[in-house]
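Overview (structure and organization)
In case you want the letters, here they are:
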Amino acid sequence: MEHFETTTEALPSLESASAKEIAEAVAEVLDSKKGRDIKVLHVEDKTVIAEYFVLCTGNSSTQIKALAGEVEYRLQQRGLTPYGIEGRDNNSWLIVDYSNVIVHIFSRESREFYNLDKLYAD
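Definitions and limits used
- Residues numbered from 1 in each chain as written.
- Predicted model: local features only at pLDDT ≥ 70, side-chain atom pairs only at ≥ 80, totals over all residues.
- Heavy atoms only, no water.
- Phe/Tyr/Trp six-rings, centres within 6.5 Å; stacked < 30°, edge-to-face > 60°.
- Helix = DSSP H or I, 4+ residues; strand = E, 2+ residues; numbered from the N terminus.
- Buried < 20%, exposed > 50% of the residue type's maximum accessible area, 1.4 Å probe, protein only.
- Polar contact = N/O pair within 3.5 Å; in protein donor to acceptor, adjacent residues only side chain to side chain.

Turning our attention to the packing of aromatic side chains. Enumeration over the complete set of coordinates arrives at 4 aromatic pairs. Ring centres of Phe 53 and Tyr 120 lie 4.9 Å apart, and the angle between their planes is 75°; this geometry places the pair in the edge-to-face category. A residue pair is termed long-range when its members are at least 10 positions apart, and Phe 53 in strand 2 (residues 52-57) and Tyr 120 in the segment after helix 4 (116-119) qualify at 67 residues. Owing to a relative accessible area of 2%, Phe 53 belongs among the buried residues under this scheme. These aromatic residues form a ring-pair network of at least three members: Trp 93, Phe 106, Phe 113 and Tyr 114.

Next up, the structure:
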């Protein structure tokens, strides 16, 4: 029987990372937790509130909360704490705010309704 060694090598800190690097790190976390239809939108020319939006769809309210929790946890491990999280009492849309990167995790219905993909498309 072979023995495989697992390493828990720490990922590099994101404390001095660019907004693009943070957005890409968020997208990787969402993908690893089976988030669907993940998009990273560069919105700097369209709004003053952020440089990037990361959009993702969850299959259920439970998964939406789990995706947001995982983003918060994994980025905290890399030195970033969100400025705020909105929608914890909401079952259809959660926002995790990293100032220059805002993460939107939707139910399918909410994503279609708000249509940020089209509103902020490049």
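So, on to the side chain of Arg 78. If you trace the backbone, Arg 78 turns up in the loop between helix 2 (61-77) and strand 3 (84-86). Among the polar contacts listed, one links the side chain of Arg 78 to the backbone oxygen of Pro 12, at a separation of 2.8 Å.

This next bit is on unusual backbone geometry. Positive phi, close to 70°, is recorded for Ser 99, a residue that is not glycine. Looking at the element boundaries, Ser 99 is found in the loop between strand 4 (93-97) and strand 5 (101-106). Classification of Ser 99 as partly exposed rests on a relative accessible area of 36%. Non-glycine residue Asn 115 carries a positive phi angle of around 50°. With respect to the helices, strands and loops of the structure, Asn 115 is situated in the loop between helix 3 (108-114) and helix 4.

Turning next to the environment of Ser 18. Within the secondary structure, Ser 18 is located in the segment before helix 1 (19-32). What makes Ser 18 partly exposed here is its relative accessible area of 34%. Taking the C-alpha atoms as reference, Ser 18 lies 9.0 Å from Asn 100; in sequence the two are 82 residues apart.

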